[in-house]
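Chain by chain, the residues:
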Amino acid sequence: MSVQALNAAATGMSAMETKLNVVANNLANVETTAFKRDRCNFEDLYYRHEKIPGAEDSAGEYTPTGIAIGLGTRVSSTQTDFTQGSFTTTTRELDLAIEGKGFFQVTDPSGEIYYTRAGNFNKNSNGDLVMGSAMTGRLVEPPITIPEDATAIVVSAEGIVSVRQPNNTELSQVGQLELATFINPDGLLKLGEGLYAETNSSGAPTLGNPGQDGLGVLRQNSLEGSNVEPVTELIDLITTQRAFELNSQVVRSGDEILETVANLRRY
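On a predicted model such as this, the values are computed, not experimentally measured, just so you know. (Residues numbered from 1 in each chain as written. Predicted model: local features only at pLDDT ≥ 70, side-chain atom pairs only at ≥ 80, totals over all residues. Heavy atoms only, no water.)

Novice: Hey, could you run me through unusual backbone geometry in this one?
Specialist: Glycine aside, residues mostly have negative phi, and peptide bonds are mostly found in the trans state. In this structure, the amide linkage connecting Glu-141 to the following residue, Pro-142, adopts the cis form with an omega of 0 degrees. Of note, Asn-167 is a non-glycine position whose phi angle comes to about 60 degrees, a positive value. With respect to the helices and strands, the residue Asn-167 is situated in the loop between β13 (160-164) and β14 (172-176). Residue Glu-193 is not a glycine yet carries a positive backbone phi of 60 degrees. Assignment of secondary structure puts Glu-193 in the loop between β16 (189-192) and β17 (195-197). Judged by relative accessible area, which is 46%, Glu-193 ranks as partly exposed. (Helix = DSSP H or I, 4+ residues; strand = E, 2+ residues; numbered from the N terminus. Buried < 20%, exposed > 50% of the residue type's maximum accessible area, 1.4 Å probe, protein only.)

Novice: Is there a simple way to explain the sheet that holds β13 in this structure?
Specialist: Strands sit in the order β12-β13-β14 across an open sheet of three strands; the sheet is antiparallel. The open sheet has two free edges, formed respectively by β12 (152-155) and β14, since each of these has just one partner strand. On average, each strand axis in the sheet is inclined to that of its neighbour by 25 degrees, with strand direction left out of account. Pairing of β12 with β13, which is carried by four bridges, proceeds in the antiparallel orientation. By the bridge assignment, Ile-153 is partnered in β13 with Val-163. (Pairing = 2+ DSSP bridges. Axes fitted to C-alpha atoms, helices over the stretch in contact; angles between N-to-C directions.)

Novice: Even after reading the chapter, I still don't get the layout of surface pockets, so can you show me in this structure?
Specialist: To find leftover empty space, one rolls a probe the size of a water molecule over the atoms. Put simply, the largest pocket is a space of about 380 Å³. Lining the largest pocket are 20 residues, and of these Thr-32, Gly-192, Glu-193, Gly-194 and Leu-195 sit closest to its centre. Among the secondary structure elements, those contributing two or more residues to the lining of the largest pocket are β16 and β17. Considering each element in turn, the lining of the largest pocket owes the most residues, three residues, to β16. (1 Å grid on protein atoms, 1.4 Å probe; cavity = no way out; pocket = protein on both sides within 12 Å on 5 of 7 lines; lining within 4 Å. Points joined across faces, edges and corners; volume = space filled by probe spheres on them.)

Novice: For this particular structure, what's the right way to read the packing of aromatic side chains?
Specialist: Two measures describe an aromatic ring pair: the distance that separates the ring centres and the angle between the ring planes. In this structure the tally under the stated criterion is six aromatic pairs. When the centroid spacing of 5.6 Å and the interplanar angle of 65 degrees are considered together, the rings of Phe-103 and Tyr-196 count as edge-to-face. Of this pair, Phe-103 sits in the loop between β6 (96-99) and β7 (104-107) while Tyr-196 sits in strand β17, placing them 93 residues apart in sequence. Pair check on accessibility: Phe-103 and Tyr-196 agree, each one buried. Every member of this aromatic cluster is reached through a ring pair, and the members are Phe-82, Phe-103, Tyr-115, Phe-182 and Tyr-196. Between Arg-219 and the ring centre of Phe-87, over which it is positioned, the NZ or CZ distance is 4.2 Å. (Phe/Tyr/Trp six-rings, centres within 6.5 Å; stacked < 30°, edge-to-face > 60°. Lys NZ or Arg CZ within 6 Å of the ring centre and 35° of its normal.)

Novice: Sorry, what's going on with the environment of Thr-206 here?
Specialist: Residue placement: Thr-206 occurs in strand β18 (residues 206-208). C-alpha separation for the pair Thr-206 and Phe-182, spaced 24 residues apart in sequence, amounts to 6.3 Å.

Novice: I keep staring at the side chain of Asp-108 and nothing clicks. Help me out?
Specialist: Assignment of secondary structure puts Asp-108 in the loop between β7 and β8 (113-116). A distance of 2.8 Å separates a polar atom in the side chain of Asp-108 from a polar atom in the side chain of Ser-110. With residues up to four places along the chain from it excluded, the contact list for Asp-108 reads Tyr-114, Thr-136 and Arg-138. (Polar contact = N/O pair within 3.5 Å; in protein donor to acceptor, adjacent residues only side chain to side chain. Contact = heavy atoms within 4.5 Å.)

Novice: Just to check I follow, could you spell out the pattern of salt bridges for this structure?
Specialist: A pair can form between side chains of opposite charge whenever their charged atoms are brought close. For the structure shown, the criterion picks out 12 salt bridges. Across the pair Asp-236 and Lys-19 runs a salt bridge, and its minimum N-O distance is 3.0 Å. Here the residue Asp-236 occupies a position in helix α2 (residues 230-265), and Lys-19 occupies one in helix α1 (residues 3-28), the gap between them amounting to 217 residues. The class of Asp-236 is partly exposed, set by a relative accessible area of 22%. Given the relative accessible area of 17%, Lys-19 is considered buried. Of the charged contacts, one joins Glu-233 and Arg-37 as a salt bridge, the two residues approaching to 2.6 Å between their closest N and O atoms. Taken together, the positions of Glu-233 in helix α2 and Arg-37 in the loop between α1 and β1 (38-44) put the pair 196 residues apart, joining distant regions of the chain. Across the pair, exposure class does not vary: Glu-233 and Arg-37 are buried alike. One salt-bridge network, held together by shared partners, links Lys-36, Arg-117 and Glu-224. (Salt bridge = Lys/Arg side-chain N within 4 Å of Asp/Glu carboxyl O.)

What follows is the structure, given as structure tokens:
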């Protein structure tokens with residue numbers, strides 16, 4: 001066994017370690033609101049060509065195949081699975097789930113606009129609608145303020161936010177929620193805290209009201225759950241561990257062979 005084989009097995013171990021980290025992160029977020037699972041994609045590395053396909057043989061004929069020895073593998077990308085998560089019914093008026101395509105927009109204190117599927121919103125001390133985070137108060141974009149004397153909050157499937165106030169039997173509209181979509185959501189930059197940022201790869205956001213132009217609709221008193229399937233991830237975990245062990249066994253066997261060859265050469 002050559003050093004080349006050891007290097008190829010080492011690339012396999014490195015790739016499986018990366019996949020193991022991705023699977024572990026999926027499992028860690030199985031209860032995270034609106035979390036979207038990732039998957040690893042792999043590609044083979046360069047090849048050492050000992051004979052090129054189509055070479056001319058001694059009789060002037062072209063060979064149908066060649067001899068190519070691969071140099072291993074590597075992670076080519078991680079892709080996010082944006083399929084819909086299951087819905088959980090809650091009793092909170094400001095719990096909103098997106099059924100279909102789209103992201104909520106929130107404004108970071110830095111002034112940047114970020115995007116999220118997590119709809120567990122709250123009100124801040126000014127009555128402004130904010131993302132439900134204990135770390136940072138990010139305002140929903142466009143801004144919506146809930147009056148202090150509101151006795152009920154109603155959010156329609158189309159994103160119209162209305163409130164009921166004392167001595168008034170009619171609902172009063174206080175805002176309109178918008179959703180954003182991207183031509184390539186896989187190109188969004190993951191920031192943690194359920195947030196995504198626009199990149200050149202994702203393209204600019206297309207904004208619209210829920211239920212229009214292919215955008216999803218909103219479900220009040222609901223939250224979207226993670227789309228992680230624990231059983232699937234556990235199977236993936238086992239196969240990844242086995243692949244890592246097989247590559248490490250190749251490395252051990254290769255070390256033993258190289259050591260034996262070195263000892264023979266001393267005699």
